[in-house]
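Residue strings, one per chain:
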Amino acid sequence: MSEFTPTERSKVRRHPDRATYDRELVHAILDQAFVCNVAFVVDGQPYVVPTNYVRDGERLLLHGSIASRLMTTLASGAPFCLSVTLLDGIVCSPTATGHSVNYRSVVIMGTAERIVSPEDKLEAMRKFVEYVIRGRWETVRPPSENELKATMVLAVPLVEVSAKTRTGFAVDADKEYDTEAWTGVVPFAWTPGTPIPDPRAKSDIRVPGNIQNYKRPQ
């Protein structure tokens, strides 16, 4: 299917004209972003926790300590909501309330499934590392048996999913532009800086190309 089917929970109601359920666009947003925010409830207390993820086909993979409140709660089958946002620009309006931002976002609802097999967990960890920096897995020590045992990996199926985007300039009435205030868009882009070597590393190791020329998505 080329689109996700909106449900009563996932259907965008505020500015539905900005909503999309296009699978390709959702994948593109998820593949460019790096951090998601996961909302869940424990004993009536809501929490929102940022964490990184990797898209693996039609699911997201999450990982964390087996002692993590986030991981243990999601592993219990508790419902949650996960969001990802890319900031593309600040929209300067001629009015105070007309200012906005251009963005691309995804919201996912559902429950998670725990990955138990050591082989599947190891493969998930490889995908995490490769998602961060492609080619990195082959150059570093893989997780030890104890490290894998201390790590929980969860799969989040992409079922109830929606995306929302905003582009362009302010939407104020034409009469509001009779002003001396500058209006327009300040573009934003996530770009890496110059790599900083770890002082404990061997001084003769050169920065590899996949780090020197880093970009998102990988």
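Only a predicted model underlies this, so the values are computations on that prediction, with no experimental measurement involved.

Chemist: Describe the layout of surface pockets, naming the residues involved and giving the relevant values.
Modeler: Its volume calculated, the largest pocket comes out at about 490 Å³. As for the largest pocket, its lining consists of 16 residues, and the residues nearest its centre are Pro197, Asp198, Ala201, Ile205 and Pro208. Within the lining of the largest pocket, the residues separate by chemical class into eight nonpolar, four polar and four charged. Ranked by residue count, the leading element in the lining of the second largest pocket is strand S6 (residues 80–92), at three residues.

Chemist: An account of the packing of aromatic side chains is requested, with residue identities and associated values reported.
Modeler: The relation between two aromatic rings is expressed through the spacing of the ring centres and the mutual angle of the planes. As enumerated under the stated definition, the model contains four aromatic pairs in all. Where Tyr53 meets Tyr131, the ring centres are 5.9 Å apart and the plane angle is 40°; that geometry is what we call tilted. Here the residue Tyr53 occupies a position in the loop between strand S3 (45–52) and strand S4 (54–55), and Tyr131 occupies one in helix H3 (residues 118–132), the gap between them amounting to 78 residues. Given the relative accessible area of 0%, Tyr53 is considered buried. Within the aromatic cluster, the residues linked to one another by ring pairs are Phe34, Tyr53, Tyr131 and Trp190. Sitting above the plane of the Tyr47 ring, Arg69 keeps its charged end 3.9 Å from the centroid. The ring of Tyr131 has Arg216 sitting right over it, with the charged end atom 4.4 Å from the ring centre.

Rules and cut-offs
Residues numbered from 1 in each chain as written. Predicted model: local features only at pLDDT ≥ 70, side-chain atom pairs only at ≥ 80, totals over all residues. Heavy atoms only, no water. 1 Å grid on protein atoms, 1.4 Å probe; cavity = no way out; pocket = protein on both sides within 12 Å on 5 of 7 lines; lining within 4 Å. Points joined across faces, edges and corners; volume = space filled by probe spheres on them. Nonpolar A, V, L, I, M, F, W, Y, C, P; charged D, E, K, R; others polar. Helix = DSSP H or I, 4+ residues; strand = E, 2+ residues; numbered from the N terminus. Phe/Tyr/Trp six-rings, centres within 6.5 Å; stacked < 30°, edge-to-face > 60°. Buried < 20%, exposed > 50% of the residue type's maximum accessible area, 1.4 Å probe, protein only. Lys NZ or Arg CZ within 6 Å of the ring centre and 35° of its normal.

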